[in-house]
Amino acid sequence: MAESVVGFLIKQLSTLLSQEITLSGGLKSDVQFINDELGSMKAFLREAEAKEDNNDSQLQEWLNQVREVAYDTEDVLDDFTFRFARGYMDGFCGKVGKIYNSMKNLKARHQISLEIKDIKARVGEISARHQRYQSLYGTHERRFSSSRQVNADFDIRAQSLFIEEAQLVGIDKPKAELISKILDDHSQLKVVSVVGMGGLGKTTLVKKVYDGAAVKKQFQSHAWITVSQNFQFSVIIKNLIQQLYNEIRQPVPPQVESMDVLTLSEFVKDFLQERRYIIVLDDVWSIDAWEAIKCVLPDCNITSRVVLTTRIADVASASCLGSLDFIYKMKPLTDKESWTLFCNRTFQSNDCPPNLEEVAKKILKKCEGLPLAIVAIGGVLALKDMEKTDEWEMILHGFGGEADGSGKLDRIKRVLLLSYNDLPYYLKSCLLYLSIYPEDYPIDVDDILLKWIALGFVEEKERITSTDIAMRYMKELINRSLIQVKSSFADGRLETCGLHDFLREIIVSKSKEQDFTTVATRYYTRWPTKVRHLAIHNFTDNPQEFSGLKCLRSVAIFGYEDPFTTTFLSEFLSGDPKLLKVLDLHGAELDNIPKQVFKLFHLRWSG
């Protein structure tokens, strides 16, 4: 992330330096110094960040200092623009305004000059440490990767289907076993639990079973419910009711919306009472969630089934207490299956070139048969030059020294972090920004592209629109198996996208540790003193008093349960978020727009 922040900042500094009239002599030389020093560090930052997760506290502290000084410089530059880039009216009022503002600007210019000098001193100290680290790690200002430019304009729908089919390697035997358990002739309600760690393909397996013709034919009612960590019973039950009524092509009775939890439960039980049903509960994280949902599922001795996926063994055991219930433990792919999947993803189903076979098998061994890890690392390697074995060796050694006995979650995290670390700096910010979205949230592609543009994550190029460049970024992240296509329009255009659960956990953790995004929820309503990107999830009460917003660049509201009033938004904006660029109020209900919104000079996107 330090590389990403510095990369964008250097472009901003270069633009400022090219505007001769904007900077006075002393201020310009200080800005030039900052630009030159950060530029000299930039090539080292990629390799340093790749080592950041190896528990080197000194290196981590240095990277934190680089990030902080880059953030602070960006704040000063945006404040500079805020103060001096605004125009004036014509005529007498315009002249008076210029005189008044010139008097104010003398003080402001002096303050900004002091802040720039302080940043210059900090950059000088950081640069000296950079020289020591460069010597210590034996790194040089060299190109870290020569990833080939991907032709990102190919058919994304075909690519997403290809990846989905690739994930089905080794699925035939477990699929047949699950179908036999689901379609047997026992009349009692049976629960089938599929358990295993993140990335093993539990959801993919169950989806293939659920969509099978034999299973569809066996049952009268079908529903697929994604439960997730942020379990909300009423939301889950209303979703279930919606699916059940969609299947019979009838509208949901209007009274359902106002029902309390007990009435909703009885409503579902009555509906399913005389029906043979199959319900999939995907991604269950707690026994409490299972116990709550179980109470609405009647057992009428007509061969109904519940299929559950979870990463937690205790949840699987708690759901399968009956003598007929069945737990299927997902296993990693065999070496042969892993190699098939790896070649499908990395070489587009072709054979591995002989010069890469040895290093490829060493890399594959690190993945330990986890499909998500294999697909992710395969996406990285597919971009490498197959003639350059040293690039592949660099990926292998990038795994770092794993201590014996480290958990598999840590190992797959290392694998997925490799995909992140290999990203160009401009894609890192785009990916980390997705951490503002709730789990399993369908991200509108058009919206996220415009947000990336508004926040300055998208580089400008001649004769190419910003939207086209942003779409290229999206497609490259999809190509690297970091973003998943959730839905597309009939003409093939992307509609919604999302993140795999495990990858999202890593991205959220990474964003939090680097003070990039802050997510405030009903359980966590405090935020740091400096907030850059704020997401508010499912609040029932107002959060803390609105301080620490002076560095805020974006805010997004998701599922605000109490009415998000104009008064509340006015109070929020009174925290002086003058650098705000994105204001996403889709999850809010406003009767009008507060006047403070129209004073946000940097605002580029609002919805």
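Residues numbered from 1 in each chain as written. Predicted model: local features only at pLDDT ≥ 70, side-chain atom pairs only at ≥ 80, totals over all residues. Heavy atoms only, no water.

## Quick word on the packing of aromatic side chains
Thought 1: In total, this model carries 13 aromatic pairs according to the counting rule given.
Thought 2: Ring centres of Tyr 245 and Phe 271 lie 5.2 Å apart, and the angle between their planes is 40°; this geometry places the pair in the tilted category. Residue Tyr 245 is found in helix 9 (residues 233-247), and its partner Phe 271 is found in helix 10 (residues 261-272); the two are separated by 26 residues along the sequence. When sorted by exposure, Tyr 245 lands in the same class as Phe 271, which is buried.
Thought 3: An aromatic cluster is built from Trp 339, Phe 342, Phe 347 and Trp 392, whose rings are joined through pairwise contacts.
Thought 4: One Lys or Arg, Lys 181, reaches over the ring of Phe 326 and ends 4.7 Å from the middle of that ring.
Thought 5: The ring of Trp 224 has Lys 207 lying over it, and the distance from NZ or CZ to the ring centre is 5.9 Å. (Phe/Tyr/Trp six-rings, centres within 6.5 Å; stacked < 30°, edge-to-face > 60°. Helix = DSSP H or I, 4+ residues; strand = E, 2+ residues; numbered from the N terminus. Buried < 20%, exposed > 50% of the residue type's maximum accessible area, 1.4 Å probe, protein only. Lys NZ or Arg CZ within 6 Å of the ring centre and 35° of its normal.)

## Concerning the sheet that holds strand 5 (residues 326-329)
Thought 1: Overall, parallel pairing links the five strands, which are arranged 2-3-4-1-5 in an open sheet. Either end of the sheet is taken by a strand with one partner, and the two such strands are strand 2 (221-226) and strand 5. The sheet shows a mean angle of 15° between the axes of neighbouring strands, taken without regard to direction.
Thought 2: By the bridge criterion, six bridges tie strand 2 to strand 3 (residues 277-282) in an arrangement that is parallel. Of the residues in strand 3, the one forming a bridge with Ile 225 is Leu 281.
Thought 3: Docked against the sheet, helix 7 (residues 202-210) engages strand 1 (190-195), strand 2, strand 3, strand 4 (305-310) and strand 5, running at close to 170° with respect to strand 2. (Pairing = 2+ DSSP bridges. Axes fitted to C-alpha atoms, helices over the stretch in contact; angles between N-to-C directions. Contact = heavy atoms within 4.5 Å.)

## Section: the nonpolar core
Side chains that are nonpolar tend, in soluble globular proteins, to be buried together.
Thought 1: In terms of nonpolar packing, the biggest core is built from 44 residues, with Leu 178, Phe 342, Ile 363, Ile 377 and Trp 392 touching the most fellow members.
Thought 2: The element best represented in this core is helix 15 (residues 371-381), accounting for six residues.
Thought 3: Here this core spans two domains, and each of domain 2 (171-329) and domain 3 (335-422) adds at least three residues to it.
Thought 4: Formed by 43 residues, the second largest nonpolar core is a distinct cluster that contains Ile 448, Phe 457, Ile 483 and Leu 494. (Core = buried A, V, L, I, M, F, W, Y, C linked by side-chain atoms within 4.5 Å. Domains from an automatic or database assignment.)

## As for the pairing of strand 7 (residues 484-488)
Thought 1: Sheet topology places strand 7 next to strand 8 (residues 494-498); four bridges connect them, and they run antiparallel. Bridge pairing in strand 8 places Val 485 opposite Cys 497.

## Thoughts on the confidence of the model for the protein chain
Thought 1: Summing up the model confidence of the protein chain, the mean pLDDT is 76 and the portion of residues at 70 or higher is 70%.
Thought 2: Of the regions scoring below 50 in pLDDT, residues 87-100 engages in six contacts with residues more than four places distant in sequence or in other chains.
Thought 3: The low-confidence segment residues 138-163 (pLDDT under 50) makes 62 contacts with residues lying over four places distant or belonging to another chain. (pLDDT = per-residue confidence, 0-100.)

## Observations concerning the sheet that holds strand 7
Thought 1: Strand order in the open sheet formed by three strands is 6-8-7, and the pairing between neighbours is antiparallel. The sheet terminates laterally at strand 6 (443-444) and strand 7, the two strands that pair on one side only.
Thought 2: Summarising the sheet, strand 6 and strand 8 pair through two bridges and their orientation is antiparallel. Residue pairing in the sheet places Ile 443 in a bridge with Cys 497 of strand 8.

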